[in-house]
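Spelled out from the first residue to the last, the chains are:
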Amino acid sequence: MPAPQILSLIAIGLTLAGISLLTVLDDSVQSVDLISLLNATGATNTALANGLFLLLGIFWMGAIDSTRRFLEPQLLDGWLRFSAIAFAASYLLGMIFPCDAGCPPTGSSAQLVHTSLVWLLYCGPAVFAGRLLLRQPDRQTRHLALLLLLIFAGLQVDALVLRSTPGLWQRIYELLFCWLWWLSLQAPIAAAEAGRRGS
């Protein structure tokens with residue numbers, strides 16, 4: 001298995017297993033909402049969450065850069081790369097600028113950065129999905145990208161208006177991005193490997 005796939009599997013595993021574990025460990029999480037304000041001010045496992053965020057950012061950055069290098073001389077679409085990097089950066093900056101308890105729309109300076117810059121970077125998977133749709137992908141990727149965009153829209157409505165279960169939307173959004181990233185790797189990596197064998 002090539003390095004991009006190995007690093008991607010590690011990043012995906014950390015994202016899904018790590019965040020799920022922290023959600024289970026967080027005794028403030030309500031059963032109807034998997035919000036798990038992982039590293040919010042006063043959260044029960046802030047240090048553990050920050051360590052996870054750091055690992056997530058590093059491994060996602062590594063997976064993206066490894067993919068770019070593996071595909072050379074073919075280019076990884078710049079917007080796809082940027083949007084995946086933005087997603088990774090949202091974890092790193094979320095560690096530095098945690099939200100206040102309950103993650104209100106306004107609050108401390110860290111909260112304001114969290115709800116503006118960090119949230120903007122967290123839009124990366126939505127940009128990623130939109131760019132994939134422009135490429136007229138296969139049916140599975142197209143449906144997955146559309147579903148991710150719908151979940152992102154639902155997340156916005158819930159986080160900004162309803163404020164009922166935004167964490168549940170976030171977990172689904174992250175799961176769909178991991179799945180979409182993995183699917184989007186397969187064809188270009190197979191083509192790059194075939195090119196290396198043929199040369």
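Keep in mind the model is a prediction, meaning the values are calculated, not measured.

1. Some details on the pattern of salt bridges
Next up, step 1: Going through the model one piece at a time under the given rule, you end up with six salt bridges.
Next up, step 2: Glu-72 is paired through a salt bridge with Arg-68; the nearest N and O atoms lie 3.0 Å apart.
Next up, step 3: A residue is classified by how much of its surface remains accessible, and Arg-68, at 22% relative accessible area, is partly exposed.
Next up, step 4: Connected through shared salt-bridge partners, Asp-65, Arg-68, Arg-69 and Glu-72 make up one network.

2. So, helix α5 (residues 124-134)
For an α-helix, 3.6 residues make a turn, and residues three or four places apart therefore share a direction.
Next up, step 1: Taken together, the buried positions of α5 are Gly-124, Pro-125, Ala-126, Phe-128, Ala-129 and Leu-132.
Next up, step 2: Immediately downstream of α5, the backbone of Gln-136 shows phi near 50°, a positive value.

3. A look at the confidence of the model for the chain
Next up, step 1: Summing up the model confidence of the chain, the mean pLDDT is 81 and the portion of residues at 70 or higher is 86%.
Next up, step 2: No element of the chain has a lower mean pLDDT than helix α4 (residues 109-122), at 78, and none a higher one than α5, at 89.

4. Notes on the side chain of Ser-90
Next up, step 1: Within the element layout of this structure, Ser-90 appears in helix α3 (residues 78-96).
Next up, step 2: Here Ser-90 is in contact with Val-118, Leu-121 and Tyr-122, once residues within four sequence places are set aside.

5. Quick notes on the packing of aromatic side chains
Next up, step 1: Per the stated rule, a full pass over the model turns up twelve aromatic pairs.
Next up, step 2: Consider the rings of Phe-87 and Phe-177, whose centres lie 4.6 Å apart with planes at 55°: the pair is tilted. Of this pair, Phe-87 sits in helix α3 while Phe-177 sits in helix α7 (residues 166-198), and the two are 90 residues apart along the sequence. By the burial criterion, Phe-87 is buried, and Phe-177 matches it.
Next up, step 3: Relative to Trp-181, the ring of Phe-128 lies with its centre 5.7 Å away and its plane at 45°, an arrangement referred to as tilted. In this pair, Phe-128 is assigned in helix α5 and Trp-181 in helix α7, connecting sequence segments 53 residues apart.
Next up, step 4: A relative accessible area of 1% means that Phe-128 is categorised as buried.
Next up, step 5: Taking relative accessible area as the criterion, Trp-181 reaches 2% and is therefore assigned buried.
Next up, step 6: By the ring-pair criterion, three or more aromatic residues cluster together here, those being Phe-53, Trp-60, Phe-87, Tyr-91, Tyr-122, Phe-128, Phe-152, Tyr-173, Phe-177 and Trp-181.

The rules behind these values
- Residues numbered from 1 in each chain as written.
- Predicted model: local features only at pLDDT ≥ 70, side-chain atom pairs only at ≥ 80, totals over all residues.
- Heavy atoms only, no water.
- Salt bridge = Lys/Arg side-chain N within 4 Å of Asp/Glu carboxyl O.
- Buried < 20%, exposed > 50% of the residue type's maximum accessible area, 1.4 Å probe, protein only.
- Helix = DSSP H or I, 4+ residues; strand = E, 2+ residues; numbered from the N terminus.
- pLDDT = per-residue confidence, 0-100.
- Contact = heavy atoms within 4.5 Å.
- Phe/Tyr/Trp six-rings, centres within 6.5 Å; stacked < 30°, edge-to-face > 60°.

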